[in-house]
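Overview (structure and organization)
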Amino acid sequence: ARQVVMSALAGVAVPSARLARKSAPVRTRASRAVVRAATTTSAQGIVVVTDPSQEEIAKCTSWGTWGCEASTFPWTYGSAETCYLLAGEVTVTPDGGEPVSFKAGDIVTFPAGMSCVWDVKKAVKKHFNFH
């Protein structure tokens, strides 16, 4: 797991330890920067971004939408897919790999060529983009 801190004002991602070393306490209300933490995890080529920025979410809203009820089904990715979950909870288990779970609010990228089983725990609605 890799944790990244993003400055909403500067839009620059830096490792959180580096930010802590270089940051001095801010004394005035006008000069305070809003800092948001996002966590990115990667397993078996699946990348999950929890707490994505509003800019990242905005990129997803023009994509197509797809949804399904709670179910379990096999899937193979012919090309890479990135999706933004609007609703639901899912665990995807790559063939021969460990399960990766994600939920509403997460942005997830799946690698091209991956075969897996989707276990939709709560009905899903998502924006998606194949690339």
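Going by the structure above, here's the rest.
Below you will find a few notes about this structure.

Now for the side chain of Thr82. Here Thr82 is to be found in strand E7 (residues 81-94). Judged by relative accessible area, Thr82 falls into the buried class, the value being 11%. There is a polar contact of 2.7 Å between the side chain of Thr82 and the side chain of His131. For Thr82, the contacting residues outside a window of four places in its chain are Trp63, Ile107, Val108, Thr109, His127, Phe128, Asn129 and His131.

Mapped onto the secondary structure, Gly64 falls in strand E5 (residues 64-68). Taking C-alpha positions, Gly64 is 5.5 Å from His127, a pair spaced 63 residues apart along the chain.

As a further point, take the nonpolar core. One finds Ile46, Val90, Val92, Phe102, Phe110 and Trp118 to be the most contacted residues of the largest nonpolar core, which totals 17 residues. Elements with a contribution of two residues or more to this core: strand E4 (46-50), E7, strand E8 (100-103), strand E9 (107-110) and strand E10 (115-130). Aside from chain neighbours lying at most four places away, what touches Ile46 is Thr41, Val92, Pro94, Val100, Val108, Thr109, Phe110, Pro111 and Met114. If you look at the next biggest cluster of nonpolar residues, it comprises six residues, including Ile57, Trp63, Tyr84 and Ile107.

Cut-offs applied
- Residues numbered from 1 in each chain as written.
- Predicted model: local features only at pLDDT ≥ 70, side-chain atom pairs only at ≥ 80, totals over all residues.
- Heavy atoms only, no water.
- Helix = DSSP H or I, 4+ residues; strand = E, 2+ residues; numbered from the N terminus.
- Buried < 20%, exposed > 50% of the residue type's maximum accessible area, 1.4 Å probe, protein only.
- Polar contact = N/O pair within 3.5 Å; in protein donor to acceptor, adjacent residues only side chain to side chain.
- Contact = heavy atoms within 4.5 Å.
- Core = buried A, V, L, I, M, F, W, Y, C linked by side-chain atoms within 4.5 Å.

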